[in-house]
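If you want the building blocks of each chain, they are given just below.
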Amino acid sequence: MNAAQFPRIESLRFEGVSFKHENHDPTLQNCDFEFPTGRVVWFKSPEGAGKSTLLQIMAGLLLPDRGAFYMNDKNVIDMSFEEFLPYRLQIGFTFDYGGLINNRSIEDNLLLPLLYHKIVPEGDAHARVRSLVERFEIKKFANERPAHVPGRVRKLAVLLRGLVTHPQVLLLDDPSVGLGEGTQNAFVDVLNEMRAQGHLKHIFISSYDERFMSLMSHDIVHLDGGLLYHQPGEEAAPRAVGQ
Amino acid sequence: MGVLLGRIDDLGRFVTSNIEYTMRVLLMVYLSLRATILDQAQGLRTIVSVLAAQVYFTGWQALPLITTLALTTGSVLVLQGLSNLTMVGGSDMIGSFLVIALSRETGPLLTALVVIARSGTAVASEVGNMRANREIEALESMGINPLSFIVFPRVFGGVISVLCLAFYFNVIALLGGFFVTRFLHDIPFNFYADSLLQAFTMDDVLIFLLKNSFSGMIIFIVCCYQGLSVKKSPHEVPQVTTQAVVNSIIYVTVFNLTVTAVFYMNQLRNMGVI
């Protein structure tokens, strides 16, 4: 699948979306919402309100009980796995825990989406992964399986796999948990560089980490009582690259 | 009266839940086949590598156990068959007896039980752990359909393995069983082999293919289904694995019984008995 086959994602919109986990309060209740695009958006809510669930719905990993999710005015809820695939390949999703394929090395985990869908030629895929691995100084773990590497490396590998395909939409679920400040800063630098190159147009982050979020200019979207509320613009504190 | 109606309600619930489960399992067969056909990204290399691993684990690594089981079962049936048939003057029927008892009935059932115990459990717990560790979700997030990437190669590899193991079981049981018990009887091998060859018909080939291929499919689709039914927590994995074993055994035995019953009803119909 080459880049020309991918739709350009311009808008993301919920229409009457409801979702409820069994034996829990509803996460979303008849929610109409136009997601802010072209920027970094921080999802905030009280603990357990369903930010991760919201990201999973946006990634197409969970289907809402009711309502429609429009990407470019196309309701992706009604699409089959194959119909949604071009959209899905433009969405990078990172997990708050788990999510690495355990019988593959860290490097193979990062290569998997690139090689499976032949997004770039094999040589370019290896070069892309190698540059990320070297930049974050995890080369010595590259050929190890997830069970044999420190938790920080596992978390980092999940984050890097989400952006290795250069998607338009990036959904980060608690990205800073388990990472040191230096790694967090380096990761934000990569996000900013990729945004400058025209990738990762729309970034949505679920996090409790004020320090991590202060590294980027962002809008805030509150998830409260099953509804979403947009609070525009907060500027990031100035910081030198690599600091 | 109220108690009776309650019992009828329970029975109804039991029947409908089992029908629903069967339908879900059958739907997964279709969906995994559909996903594999539609998945343009998954190359033959990916399928073949998982399939080869499955055949190696399910087929090749099970050979010592199948050999032991085939030799003991074959020996027992050869001895029992020869001693009892000789007493009633029907030792030339030994071929028919062994073909029916071993190839048609015991072989497919024992092979299936070995595969359930060794590989079905492994597949159910592997897939269950993948679910708990969010690997299945990760595959979906990368645009990789778990039904074509995980389920189909395991089911297809399982079918090939069960067919090969069942064939191997028959050969070892029929030949090995004869040679192991050689010192306990004085039947010439030529007589034995001739009796076996005369007993084999196209029906036996058909029953062999039908029972073993469907048993393989049932085992691995049920085990994958149970593995995928894990919601979030690793503590569910042993529970679904146990359930996978129980359900596989029930489905395989019922299927074998159904095939046998249909075949013999058909045979009776051809003979004009019914």
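Residues numbered from 1 in each chain as written. Chains lettered and ligands numbered in written order. Predicted model: local features only at pLDDT ≥ 70, side-chain atom pairs only at ≥ 80, totals over all residues. Heavy atoms only, no water.

Let's talk about the overall build of chain B
Which entries qualify depends on this criterion: Helix numbers and strand numbers start at the N terminus; a helix is a DSSP run of H or I with at least 4 residues, a strand a run of E with at least 2. Partly exposed describes any residue whose relative accessible area lies between the buried limit of under 20% and the exposed limit of over 50%, with all areas from a 1.4 Å probe on protein chains only and scaled to the type maximum. Should any heavy atoms of two residues lie within 4.5 Å, those residues are counted as being in contact. We treat Lys and Arg as the positive residues and Asp and Glu as the negative residues; His and chain ends play no part in the count. Charge coordinates come from a single atom per side chain, which is NZ of Lys, CZ of Arg, CG of Asp or CD of Glu.
Of regular secondary structure, chain B possesses nine helices and zero strands. Written out in order from the N terminus, the α and β elements of chain B read α-α-α-α-α-α-α-α-α. The dimensions of chain B, computed from C-alpha atoms along their principal axes, are 65 × 60 × 35 Å. When burial is assessed residue by residue, chain B has 47% of its 274 residues classed as buried. Taking as baseline every contact in chain B between residues at least 6 positions apart, the subset at least 24 positions apart corresponds to 84%. Here chain B contributes 15 positive and 15 negative side-chain charges, whose respective centroids are spaced 7 Å apart.

Quick look at the confidence of the model for chain B
For residues with low pLDDT, the predicted coordinates do not support detailed interpretation. This is how the line gets drawn: Each residue carries a pLDDT score, the predictor's own confidence in it, on a scale running from 0 to 100.
Confidence along chain B averages 93 in pLDDT terms, with 100% of residues attaining 70 or more. Of all the helices and strands in chain B, helix H2 (residues 44-58) of chain B carries the lowest mean pLDDT, 87, while helix H5 (residues 135-141) of chain B carries the highest, 96.

As for the pattern of salt bridges
All names here are of chain A. Here is the rule we go by: Take a side-chain nitrogen of Lys or Arg and a carboxyl oxygen of Asp or Glu: if they are within 4 Å of each other, that pair is a salt bridge.
In this structure the tally under the stated criterion is 16 salt bridges over all chains. The residue Arg39 makes a salt bridge to Asp219 at a minimum N-O spacing of 2.8 Å. With Arg39 in the loop between strand S2 (26-34) and strand S3 (40-44) and Asp219 in strand S9 (residues 218-224), the pair connects residues that are 180 residues apart, well separated along the chain. Between Arg211 and Glu181 there is a salt bridge whose closest N-O contact spans 3.9 Å. With Arg211 in helix H7 (residues 210-213) and Glu181 in helix H6 (residues 181-196), this pair connects stretches of sequence that are 30 residues apart. Linked through salt bridges whose partners overlap, the residues forming this network are Arg13, Glu15, Glu34 and Asp73.

Focus: the environment of Val115 of chain B
Residue and element names in this part refer to chain B. Note that Val115 resides in helix H4 (residues 94-132). Taking the relative accessible area as the measure of exposure, Val115 reaches 1% and is therefore buried. It is 6.7 Å that separates the C-alpha atoms of Val115 and Thr58, two residues lying 57 residues apart in sequence. Residues in contact with Val115, not counting those within four places in the same chain, are Thr58, Gly120, Val162, Leu165, Ile219 and Phe220.

Overview of the pairing of strand S6 (residues 91-94) of chain A
All names here are of chain A. Stated precisely, the cut-off is as follows: When DSSP locates at least two bridges between a pair of strands, those strands are taken to pair.
What you see with S6 is no split at all: Ile91 and Phe93 on one side and Gly92 and Thr94 on the other are buried throughout. Taken together, the four bridges between S6 and strand S7 (residues 169-173) define a ladder with parallel strand orientation. Across the sheet, the residue bridging to Gly92 is Leu170, located in S7.

Side note on the packing of aromatic side chains
Residues and elements named next belong to chain A. Applicable threshold: Two rings from Phe, Tyr or Trp (for Trp, the six-membered ring) form a pair when their centres are within 6.5 Å of each other. A pair whose planes differ by under 30 degrees is stacked, one over 60 is edge-to-face, and the rest are tilted. In our convention, an over-ring charge means Lys NZ or Arg CZ found within 6 Å of a ring centre and within 35 degrees of that ring's normal.
Under the criterion given, the structure shown has 19 aromatic pairs over all chains. Plain terms: the ring middles of Phe14 and Phe35 are 4.9 Å apart, the flat faces sit at 85° to each other, and that makes the pair edge-to-face. Taken together, the residues Phe14 in strand S1 (residues 12-20) and Phe35 in the loop between S2 and S3 connect sequence positions 21 residues apart. Take Phe14 and Phe35: they sit in the same class, and that class is buried. Their ring planes at 80° and their centres at 5.1 Å tell us that Phe14 and Phe69 sit as a pair that is edge-to-face. Of this pair, Phe14 sits in strand S1 while Phe69 sits in strand S4 (residues 66-71), placing them 55 residues apart in sequence. Here Phe14 and Phe69 have matching classes, each one buried. Over the face of the ring belonging to Trp42 we find Lys44, whose NZ or CZ atom lies 4.3 Å from the ring centre.

Examining the interface of chain B and chain A
Cut-off, in case you're wondering: The buried area of a pairing is the accessible area, by a 1.4 Å probe, that goes missing from both parts when the two are put together, added over both. Polar contact is the term for a pair of N or O atoms within 3.5 Å; when the atoms are in protein, one must be able to donate a hydrogen and the other to accept it, and sequence-neighboring residues count only if both atoms are side-chain atoms. Each residue receives one of three labels: charged for Asp, Glu, Lys and Arg, nonpolar for Ala, Val, Leu, Ile, Met, Phe, Trp, Tyr, Cys and Pro, and polar for the others, Gly being one of them.
Facing the 20 residues of chain B at the interface are 25 residues of chain A. Of the roughly 2200 Å² buried between chain B and chain A on both sides combined, carbon and sulfur atoms contribute 54%. Per-residue buried area on chain B facing chain A is highest for Arg134, Ser141 and Met142 of chain B; these three make up 30% of the total on that side. Taken together, the connections running from chain B to chain A amount to two salt bridges. For Asp96 of chain A, the salt bridge is made with Arg134 of chain B, and the minimal N-O distance between the two is 2.6 Å. Summed over the shared surface of chain B and chain A, the number is twelve residue pairs in polar contact (both at pLDDT 80 or more). Residue contributions to the side of chain B that touches chain A peak at six residues, all from H5 of chain B. Here the side of chain B that touches chain A is composed, by residue class, of eight nonpolar, six polar and six charged.

Quick word on the packing of helix H3 (residues 63-87) of chain B against helix H6 (residues 146-180) of chain B
Residues and elements named next belong to chain B. Cut-off, in case you're wondering: Working convention: axes come from line fits to C-alpha atoms, limited for helices to the stretch in contact. Angles between N-to-C directions cover 0 to 180 degrees. Between 65 and 115 degrees an angle is taken as roughly perpendicular, under 35 as roughly parallel, over 145 as roughly antiparallel, and anywhere else as oblique. In a left-handed crossing the near helix is turned counterclockwise from the far helix by less than a right angle, and in a right-handed crossing that turn is clockwise.
Closest axis-to-axis distance for the H3/H6 pair is 7 Å, and the angle between their directions is 45°. As judged from the angle between their axes, H3 and H6 are oblique. For the crossing formed where H3 meets H6, the hand is right-handed. Two secondary-structure elements touch here, H3 through Leu63, Ile66, Thr67, Leu69, Ala70, Leu71, Thr73, Gly74, Ser75 and Val78 and H6 through Leu165, Tyr168, Phe169, Ile172, Ala173, Gly176, Gly177, Phe178 and Val180. Residue classes in the contact of H3 with H6 are distributed as 13 nonpolar, six polar and no charged.

Quick word on the nonpolar core
Here is the rule we go by: In these notes, a set of buried Ala, Val, Leu, Ile, Met, Phe, Trp, Tyr and Cys residues joined through side-chain atoms within 4.5 Å is what counts as a nonpolar core.
Core analysis: the largest hydrophobic core is formed by 139 residues, its most contacted members being Phe14, Phe35, Met58, Leu163, Phe204 and Leu228 of chain A. Examining the composition of this core, we find that 13 residues originate from one element, H4 of chain B, more than from any other. If near-sequence neighbours (up to four positions away) are discounted, Phe35 of chain A is found in contact with Leu12, Arg13, Phe14, Phe43, Leu54, Met58, Phe69, Phe204 and Leu228 of chain A.

Here's the deal with the pairing of strand S8 (residues 202-206) of chain A
Residues and elements named next belong to chain A. Of all the five residues making up S8, five are buried; the element is thus mostly covered by neighbouring parts of the structure. With burial as the criterion, each face of S8 is covered, one bearing His202, Phe204 and Ser206 and the other bearing Ile203 and Ile205. Note that S3 and S8 share four bridges and pair parallel. Bridge assignment links Val41 to a residue of S8, and that residue is Phe204.

What about the sheet that holds S4 of chain A?
Residue and element names in this part refer to chain A. In spatial order, the strands read S2-S1-S4-S5; together these four strands make up an open sheet with antiparallel pairing. Looking at the sheet topology across the chains shown, the edges are occupied by S2 and strand S5 (74-75). Looking at chain direction, S4 and S5 are connected through two bridges and run antiparallel. Paired with Tyr70 across the two strands is Asn75, which belongs to S5. Most of the contacts of helix H1 (residues 51-58) go to S1, to which it runs at about 125°, and overall it touches S1, S2 and S4.

Observations concerning the side chain of Lys51 of chain A
Following the sequence through the fold, Lys51 of chain A ends up in helix H1. Lys51 of chain A has contacts with Phe43, Lys44, Ser45, Pro46, Ser206, Ser207, Tyr208 and Leu223 of chain A, leaving out every residue within four places of it along the chain.

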